[in-house]
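The lines below spell out each chain.
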Amino acid sequence: MNAVVEQVTVERPPSLIRQALKLRRTQIGITIATLIAVISILGPFVAPFGSTEFVDSPNLMSVPGTVFGTDYFGQDVFSRFLFGGRSILLLALAATSIGIVLGTTLGLIAAYNRGRLDEVIMRTLDVILSFPQVLLSLLVISMFGPSNLLIILTVGLSTTPRIARIIRGAAVPVVERDFIAAAEALGESRRRVIFAEVLPNVTSSLLVEVNLRLTYSIGGIASLAFLGFTPNPNSANWGLMIQENRVALTEQPWGVVLPTVALALLTIGTGLIGDGLSRVSAGIDRGGKGE
Amino acid sequence: MKGYIARFLVKRLALGLATLFVVSLLIFLITQALPSDPAEAMLGREATPEALAALRAQFGLDKPVYQQYFNWLGGVFTGDLGESFATMMPVKDLIAPRIGASFFLLLLAAAGSIPISIVIGSYAALKRDKKFDTSSSMATLILAALPEFVVGTVLTVLFATTVVQWLPAVTYLAPGEPPWSDMAGLTLPVLTLVISVTPYVARVMRAAMVEVLESDYIEMARLKGMDERTVLWRHAIPNGIGPSLQVIALNLAYLAGGVIIVERLFNYPGLGTALADAVRSRDMPVVQFLTLLIATVYVVTNLLADIGTVLVTPRLRTRLK
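Counting restarts for each chain: residues are numbered from 1 in the order of the written sequence. Chain letters and ligand numbers both follow the written order, the letters beginning at A and the numbers at 1. Reporting of local features is limited, given that this is a predicted model, to residues whose pLDDT is at least 70; pairs of side-chain atoms are given and counted only at 80 or more, and all residues count toward the totals for whole chains, interfaces and linings. For side-chain calculations, the full set of non-hydrogen atoms in the structure is used, while hydrogens and water are omitted.

Engineer: Any chance you could explain the overall build of chain B here in plain terms?
Structural biologist: Helix and strand content of chain B: 13 helices and zero strands. We count a stretch as a helix when DSSP gives it H or I for four or more residues in a row; a strand needs E for two or more, and each element gets its number in order from the N terminus. The linear arrangement of helices and strands in chain B, starting from the amino end, is α-α-α-α-α-α-α-α-α-α-α-α-α. In terms of principal-axis extent, the alpha carbons of chain B reach across some 85 × 60 × 30 Å. Only protein chains enter the accessibility calculation, which uses a 1.4 Å probe. A residue is then buried if its area is under 20% of the maximum for its type, exposed if over 50%, and partly exposed in between. Expressed as a percentage of its 321 residues, the buried residues of chain B come to 47%. Only heavy atoms matter for contacts: two residues are in contact if any of them lie within 4.5 Å across the pair. Restricting to contacts in chain B with at least 6 residues of sequence separation, those with at least 24 account for 70%. Looking at chain B as shown, the accessible area adds up to about 15,500 Å², and 66% of this sits on carbon and sulfur atoms. Just so you know, the count uses Lys and Arg for positive and Asp and Glu for negative, and it drops His and the chain ends. The atom standing in for a charge is NZ when the residue is Lys, CZ when it is Arg, CG when it is Asp and CD when it is Glu. The centroid of the 26 positive side-chain charges in chain B is displaced by 13 Å from the centroid of its 23 negative side-chain charges. Areas reported as accessible are Shrake-Rupley estimates using a 1.4 Å probe. Residue values count occlusion only from the protein chains shown.

Engineer: In this structure, what is going on with the environment of Gly185(B)? I would like to understand it.
Structural biologist: All names here are of chain B. With respect to the helices and strands, the residue Gly185 is situated in helix H8 (residues 183-214). As a C-alpha pair, Gly185 and Asn267 span 82 residues in sequence and 9.9 Å in three-dimensional space. Beyond its immediate chain neighbours, meaning those up to four positions away, Gly185 contacts Pro168, Val170 and Thr171.

Engineer: Whenever I open this one, the nonpolar core confuses me. Can you help?
Structural biologist: Side chains of a nonpolar character, in soluble globular proteins, are inclined to be buried together. The set of buried Ala, Val, Leu, Ile, Met, Phe, Trp, Tyr and Cys residues whose side-chain atoms join them within 4.5 Å is what this entry labels a nonpolar core. One finds Leu138(A), Leu227(A), Trp238(A), Leu263(A), Phe149(B) and Leu275(B) to be the most contacted residues of the largest nonpolar core, which totals 122 residues. Among all residues touching Leu227(A), those that are not within four sequence positions of it are Leu138(A), Gln243(A), Ile260(B), Ile261(B), Arg264(B), Ala276(B) and Arg280(B). Counting 18 residues, the second largest nonpolar core, distinct from the first, contains Leu108(A), Ile163(A), Val174(A) and Ile180(A).

Engineer: How should the interface of chain B and chain A be read in this particular structure?
Structural biologist: Accessible area lost when the parts come together is the quantity often used to give the size of an interface. At the junction of the two partners, chain B supplies 56 residues and chain A supplies 54 residues. For the pair chain B and chain A, the summed buried surface comes to about 4,600 Å²; carbon and sulfur atoms form 73% of the total. Polar contact is the term for a pair of N or O atoms within 3.5 Å; when the atoms are in protein, one must be able to donate a hydrogen and the other to accept it, and sequence-neighboring residues count only if both atoms are side-chain atoms. At the boundary of chain B with chain A, the tally comes to four residue pairs in polar contact (both at pLDDT 80 or more). Taken together, the elements giving at least two residues each to the side of chain B that touches chain A come down to helix H1 (3-32), helix H6 (131-145), helix H7 (148-161), H8, helix H10 (228-265), helix H11 (271-280) and helix H12 (284-312) of chain B. Three categories are distinguished: nonpolar for Ala, Val, Leu, Ile, Met, Phe, Trp, Tyr, Cys and Pro, charged for Asp, Glu, Lys and Arg, and polar for the others, with Gly belonging to the last. Among the residues forming the side of chain B that touches chain A, the class breakdown is 38 nonpolar, twelve polar and six charged. A simple way to read buried area is as the amount of 1.4 Å-probe accessible surface that goes missing from two parts once joined, with both sides added.

Engineer: What is the right way to look at a nonpolar patch on the surface in this model?
Structural biologist: Residue and element names in this part refer to chain A. On the surface, Val38, Ile41, Leu42, Phe45, Val46, Leu90 and Leu93 cluster together into a nonpolar patch covering about 650 Å² of accessible area. Elements supplying a minimum of two residues to the nonpolar patch: helix H3 (24-46) and helix H5 (86-113). Here the element with the most residues in the nonpolar patch is H3; it accounts for five residues. Of note, Leu93 is situated in helix H5. Among the residues examined, Leu93 registers a relative accessible area of 39% and is labelled partly exposed. Nonpolar side chains (Val, Leu, Ile, Met, Phe, Trp, Tyr) are joined into patches within 5 Å and like charges within 9 Å, using only residues with over 30% relative accessible area and no salt bridge. A pair is scored as a salt bridge if a Lys or Arg side-chain nitrogen falls within 4 Å of a carboxyl oxygen belonging to Asp or Glu.

Engineer: When you look at the pattern of salt bridges in this model, what are you seeing that I'm missing?
Structural biologist: Pairs can form between side chains of opposite charge whenever their charged atoms are close. In total, this model carries 19 salt bridges over all chains according to the counting rule given. A salt bridge links Arg12(B) to Asp306(B), with the nearest nitrogen and oxygen atoms 2.6 Å apart. Taken as a pair, Arg12(B) in helix H1 and Asp306(B) in helix H12 lie far apart in primary sequence, 294 residues in all. With a relative accessible area of 26%, Asp306(B) lands in the partly exposed category. Via salt bridges that share partners, Arg25(A), Asp275(A), Arg279(A) and Arg203(B) belong to a single interconnected network.

Quick look at the structure:
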């Protein structure tokens, strides 16, 4: 079975990615996003101070030994900046993965079975869709507090219906094609038809959606941190840094400017990659947020 | 009204109501799954059993779960929303003054973003692949990727604190003051919402107009020798009304979520700030009601847009038969 999956999946995505790589916007997107991702992942290893280390008086612009001075609490702005991207990036990747796995599975099942099961799945997902943006996360956090697991699950869950809709839409015409009927006639199991026959034919929609959802998951998770909902209230986190240092913006702008620029570049980078992929896969512009 | 349209309306409304019912149930169940007793959380571990029982009775926490749910839902309809855990004030008195403030913010943001996005989207579709289209497409792509609080922070740095100090960085409203008494303070929150929502809607509008302009009837009108202005105003724009209703609904629905972050960013005393505060202090009655309220606005706007789009678009209307 594995052999079949590999054989079919290697066929289309590389050409889509290769085509997208020829576009200037994809190249720029990859460069920017990689730069910020590298800072997020390697930053903690090269930070001159600890993420919660006290360095000098609060909100100083020039402190010997620091690059950007101290923050609202007398910690090194640059070190906190270097520490502050990792959790956002990792949580966003985890949340997007959950949304992709759940959304793709449900969308494929709905498209393959149609009828009542399709209705039930899509109407149930509409309920989740009734919670705009971070509302579902806020509801759950209000009960259990902001743990990493809950943030991943709620953000992943709120991207699920959007992915399911796209995958279902792409899979419905595939399901009606002859080779699916042929596979069924050969006695392939439903699971195998869905994942080995239908799935490889919707990978371009999926690839575009992965990028779009990653962009909004980064935004959503950073927004939660900005609202003050991080597992550790003093952890270094770009969203939280903006909130904390906002009060002293006139005296010490770096504490706000650095994380803002990093988040902007990261989301613009992933957004550009997604746009490059969608241009190649569909040849038309797609909408942005929401559906 | 024709039978098939009535049938569609009834079906769509029933679906909307069913969705809202399940949403309310979900909100209630999540807020019921307390890891700890709210009465104990409020009074602390040393509270006497009598005090805990009295507090549970006060908030109706001693009743069975299904009865609590129907009491709550009944209260939502009669305006009796219970008391806030954090302030002991009736939830109604806590929320009521903020509804107007948030509504005013949304109204200004919608009034700004709807015309701007329709104009940008239509014009880009008209000038397809020309300079305006490619540059506006790049600009909307970049802006659509940014989270609201990043947009708002950039605006604050540019216009309120670091670069120039033309506008206040926070809104200041004394209790009881109407939101329009601080228009300068409203500028940045409104601008943030407009910038966050316009790119998205402009892109949807462009796609819809591209489709309209490529259709056979527009081709036909052009081939007849009709001048471009008449083609646009008599044929393209009327058919773009359907999509633009969707656009307006998307706008409003999106803004209903966006206010949570933007209000907090500018300390604007609306529903979003109230929700963020209530989540932090685990003030369940307030969280329950506000999530239901925001979800309802979202569902109803989408419902109205769906119905409106089908009713004004001849092509979709005939498909109902």
